[in-house]
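Here is how the chains run, residue by residue.
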Amino acid sequence: MTNSISALSGINSLTGITGATQAQLPATDGTSGASFSSVLGGAVQNLSNLQSSADQLAVKAVTGDLTDIHQATLAATRAQVTMELVSAVRNKGVDAFNEIMRMQA
């Protein structure tokens, strides 16, 4: 599973997601790079996938089909940390936009 916002430094270590190689990361330099909205959209999609996985493991844990409860705990924590990161990036983007709009006024 690739992490679409892993172009931000340290994201893989925060979310515990591995497998993204440099070739799979979106370009973020200059005008040829991915737009902020596409990067954030990819991050939201990744978050949705993580939450879905955590939900499935939680159901398995409740029904007794999961042999290792740590899998469900780790999946839930990954989803939570990713949610916090996506929210923080979104908030910083909104703050930057608002600051730019104040400078233009």
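If you're wondering where the values come from, they're calculated on a predicted model, not measured in any experiment.

Student: Please give an account of the pattern of salt bridges that cites residues and values.
Tutor: Close approach of charged atoms allows side chains with opposite charge to pair. Scanning the model with the defined rule gives one salt bridge in all. Among the ionic pairs, Arg102 bridges to Glu99, the shortest N-O distance being 2.8 Å. Of this pair, Arg102 and Glu99 both sit in helix 3 (residues 69-104), three residues apart, roughly one helical turn. Of the residues examined, Glu99 reaches a relative accessible area of 38% and is grouped as partly exposed.

Student: Describe helix 3, and please don't skip the residues or the numbers.
Tutor: With 36 residues, helix 3 ought to run about 52 Å at 1.5 Å a step, and its terminal C-alpha atoms sit 53 Å apart, in line with that. All of the buried residues in helix 3 are Ala72, Ala75, Ala79, Thr82, Leu85 and Val86.

Student: Explain the nonpolar core residue by residue, including any values.
Tutor: With seven residues, the main nonpolar core is built from Leu50, Ala54, Leu57, Leu66, Ala72, Ala75 and Ala79. Elements with a contribution of two residues or more to this core: helix 2 (36-63) and helix 3. Excluding residues within four positions of it along the chain, Leu66 makes contact with Leu57, Lys60, Ala61, Gln71 and Ala72.

Student: Which residues make up the confidence of the model for the protein, and what are the values?
Tutor: Confidence in the prediction for the protein averages 77 pLDDT; 69% of positions are at 70 or higher. No element of the protein has a lower mean pLDDT than helix 1 (residues 11-15), at 44, and none a higher one than helix 3, at 93. Segment residues 1-24 is flagged for pLDDT under 50; beyond a separation of four residues in sequence, or across chains, it makes 43 contacts in the model.

Student: How would you sum up a nonpolar patch on the surface? Please name residues and give values.
Tutor: On the surface, Phe97, Ile100, Met101 and Met103 cluster together to form a nonpolar patch covering roughly 420 Å² of accessible area. As for its position among the elements, Ile100 is in helix 3. Residue Ile100 is classed as partly exposed on the basis of its relative accessible area, which comes to 40%.

What counts and how
Residues numbered from 1 in each chain as written. Predicted model: local features only at pLDDT ≥ 70, side-chain atom pairs only at ≥ 80, totals over all residues. Heavy atoms only, no water. Salt bridge = Lys/Arg side-chain N within 4 Å of Asp/Glu carboxyl O. Helix = DSSP H or I, 4+ residues; strand = E, 2+ residues; numbered from the N terminus. Buried < 20%, exposed > 50% of the residue type's maximum accessible area, 1.4 Å probe, protein only. Expected span 1.5 Å × (residues − 1). Core = buried A, V, L, I, M, F, W, Y, C linked by side-chain atoms within 4.5 Å. Contact = heavy atoms within 4.5 Å. pLDDT = per-residue confidence, 0-100. Patch = residues over 30% accessible without salt bridge, like charges linked within 9 Å, V, L, I, M, F, W, Y side chains within 5 Å. Areas by Shrake-Rupley, 256 points an atom, 1.4 Å probe, with all protein chains shown as cover.

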